[in-house]
Amino acid sequence: MDWNHYRFRNVWELPAPPDTVYAALERAEDYPRWWPQVRAVDRVDDTAATARIRSFLPYDLVMTLRQRRGDPVARTLEAVMSGDLEGWARWTVAPHHGGSRIVYEQESDVRRTVLRRLAVPGRLVFRANHALMMRAGRRGLRAWLQAV
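Reading the values: the criteria
Residues numbered from 1 in each chain as written. Predicted model: local features only at pLDDT ≥ 70, side-chain atom pairs only at ≥ 80, totals over all residues. Heavy atoms only, no water. Core = buried A, V, L, I, M, F, W, Y, C linked by side-chain atoms within 4.5 Å. Buried < 20%, exposed > 50% of the residue type's maximum accessible area, 1.4 Å probe, protein only. Helix = DSSP H or I, 4+ residues; strand = E, 2+ residues; numbered from the N terminus. Contact = heavy atoms within 4.5 Å. Pairing = 2+ DSSP bridges. Axes fitted to C-alpha atoms, helices over the stretch in contact; angles between N-to-C directions.

Re the nonpolar core
Then, number 1: L25, W35, W91 and L141 are the most contacted members of the largest nonpolar core, which totals 38 residues.
Then, number 2: A per-element tally of this core places helix α4 (residues 119–147) first, with six residues.
Then, number 3: Setting aside chain neighbours within four positions, we find L141 in contact with W12, L14, V21, A24, L25 and W34.

Structural data, given as structure tokens:
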């Protein structure tokens with residue numbers, strides 16, 4: 001087992017139309033406005049941005065996200081990550097009971113040296129940290145969509 005390799009899958013259900021949710025997720029530069037753990041997103045060009053993320057644990061993750069897929073018809077966004085995390089992340093939005101079902105999937109390897117050294121003892125804590133971040137993201141997106 002590679003202790004520095006992670007796979008995540010989170011499902012959010014929100015009472016907003018799928019196209020509205022997709023449009024919000026497509027604007028990565030707005031994430032810091034509704035997702036507290038996404039501290040900054042700075043556009044590099046039309047398909048790439050640098051993001052700084054910090055959840056419960058006292059460290060920042062910095063990575064470049066390069067769009068691999070942006071399909072408004074399928075409501076799928078996918079990006080390749082490089083930096084402190086290397087891998088990919090994908091949002092898929094579908095209609096669900098009058099609202100939306102959002103699936104977030106991520107597969108990544110930790111590249112930051114200090115986190116790699118803590119891989120075995122810290123794995124459960126790192127996974128819990130991710131879960132807390134995702135829970136806050138769901139709440140933040142829900143509030144953001146209700147406000148706009």
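Some words on the sheet that holds strand β6 (residues 85–96)
Then, number 1: Spatially, the seven strands line up as an open sheet ordered β1-β7-β6-β5-β4-β3-β2, and their pairing is antiparallel. The open sheet has two edge strands, β1 (5–14) and β2 (38–45), and neither has a second partner. Neighbouring strand axes in the sheet, compared pairwise and without regard to direction, differ in orientation by 20° on average.
Then, number 2: Looking at chain direction, β2 and strand β3 (residues 48–53) are connected through six bridges and run antiparallel. Each bridged residue has a counterpart across the sheet, and for R43 the counterpart in β3 is A49.
Then, number 3: Contacting β2, β4 (61–71), β5 (76–83), β6 and β7 (99–110), helix α1 (residues 18–26) runs over the sheet at an angle of about 160° to β6.
Then, number 4: α4 contacts β1, β2, β3, β6 and β7 of the sheet and is inclined by roughly 25° relative to β1.

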